[in-house]
Amino acid sequence: MMKASTLTLNPCLDKTMYFDSEFRAGELNRMSSYILTLGGKGVNVSRFFKILGTEAEAYGFCGGNNGKTMKALLDEEGVKYNFTEVNAETRMNLKMIDSNKVCTEANEKGGPISEDELKKLLSDIEANTECGQYFFLGGSIPHPVDNSVYNSIIQVLKSKGARVVLDCDGEALKRGLEAGPSLIKPNLYELSGLVGKEVKGLEDALRECKRLYVENGVEILCTMSEQGAVFCGKEGLFSVSSPSVELRGFTGAGDSFLTAFIYEREKSGSIEQALKFASSAAAAKVELPGSTLPTKEDMKKYISCVTVRRYE
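Residues numbered from 1 in each chain as written. Predicted model: local features only at pLDDT ≥ 70, side-chain atom pairs only at ≥ 80, totals over all residues. Heavy atoms only, no water.

A. Representation of the pairing of strand β1 (residues 4-8) within the structure. β1 sits mainly inside the fold: five of its five residues count as buried. Judged by which residues are buried, β1 turns out to be covered on both faces: A4, T6 and T8 on one side and S5 and L7 on the other are all buried. Sheet topology places β1 next to strand β4 (residues 56-62); five bridges connect them, and they run parallel. Note on β4: the bridge partner recorded for A4 is A56. Relative to strand β8 (residues 134-138), β1 is paired through five bridges, and the arrangement is parallel. Residue pairing across strands places A4 opposite Y134, the latter belonging to β8. (Buried < 20%, exposed > 50% of the residue type's maximum accessible area, 1.4 Å probe, protein only. Helix = DSSP H or I, 4+ residues; strand = E, 2+ residues; numbered from the N terminus. Pairing = 2+ DSSP bridges.)

B. The arrangement of helix α2 (residues 64-77) in detail. Compared with the 20 Å implied by 1.5 Å per residue over 14 residues, the 21 Å span of α2 between its first and last C-alpha is a close match. Contacts made by the buried residues of α2 are with β2 (12-18), β3 (33-39), α1 (41-51), β4, β5 (81-85) and β6 (91-97). Just past α2, the residue G78 takes up positive phi, approximately 75 degrees. (Expected span 1.5 Å × (residues − 1). Contact = heavy atoms within 4.5 Å.)

C. Main features of the sheet that holds β6. Overall, mixed pairing links the four strands, which are arranged β3-β2-β6-β7 in an open sheet. The sheet terminates laterally at β3 and β7 (103-106), the two strands that pair on one side only. The sheet shows a mean angle of 20 degrees between the axes of neighbouring strands, direction not considered. Sheet topology places β2 next to β6; seven bridges connect them, and they run parallel. (Axes fitted to C-alpha atoms, helices over the stretch in contact; angles between N-to-C directions.)

D. Fine view of a nonpolar patch on the surface. On the surface, M31, Y34 and L36 cluster together to form a nonpolar patch covering roughly 270 Å² of accessible area. Assignment of secondary structure puts M31 in the loop between β2 and β3. (Patch = residues over 30% accessible without salt bridge, like charges linked within 9 Å, V, L, I, M, F, W, Y side chains within 5 Å. Areas by Shrake-Rupley, 256 points an atom, 1.4 Å probe, with all protein chains shown as cover. Salt bridge = Lys/Arg side-chain N within 4 Å of Asp/Glu carboxyl O.)

E. Inspection of the sheet that holds β8 at higher detail. If you trace the ten strands from one edge of the open sheet to the other, you get β5-β4-β1-β8-β9-β10-β11-β12-β13-β14, paired in mixed fashion. Here the strands that pair on one side only, and so sit at the sheet edges, are β5 and β14 (308-311). Looking at chain direction, strand β12 (residues 229-233) and strand β13 (residues 236-240) are connected through five bridges and run antiparallel. Paired with C232 across the bridge in β13 is L237. The sheet strands contacting α1 are β1, β4, β8 and β9 (163-167), and the helix crosses β1 at an angle near 150 degrees. In the packing of α2 onto the sheet, the strands contacted are β4 and β5, and the crossing angle to β5 comes to about 175 degrees.

Now the structure itself:
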């Protein structure tokens, strides 16, 4: 049976606010409704695995009233967690979606995290990691933790025999890649930052993903929103299309894609099937408001609508 854990250094609550008119900066905007949900890449991956019938214990920092709310919401979903309690309040992120479906975001930075709090978290992770398990590392890094933290964590996890999946951006992604995780999952914007130039679409993504895999030996799964996704690994170079659906929730699509991909790849051993399921799962996610999650059946409903192509 697949064993997995996740790490979210900077988890959050997402408050998604809906407006019946166009959102105007610098003016009073009256929302019509809102949804309060869990946020953070690793936390979302744990939630998606729960839906798929696999337990992925969530590690991370947790503090204050927002932290208590986060744990209560995870308890409701039956997601197992092992958070390190910290003095800093768990952050709250705002997402404002207006009548034109335009999303404006305001994210708190997170932290401060003390050196002792970080050491406690890393000690717990090391003590509970087994050979062969998947470990998902994802998201931003709270102040004042150094951007090299993922690099250090990956080295520790690899020494324990874990298969590490990294989903972050910027300098943290560059430093993390140097440690040789099993797979990285950037989006187009994050891929552009990693390679130092704009990656504009499918052809660019195919070329850059292949180059990165050849140079680093690290599998890469690049999500491209409505343009689908690209995968490059030991099985070869692939692209998958994306179903056309109404966009209602902008958060967690990449997390759903990644979770479904790893789950189905482990289950079937097929990259093609894994990419189809992942694309369908992401489409089912963005149809739902806020960070609301689809059911397992919902995640399967667009499989027949996507196409996978393999490249030489």
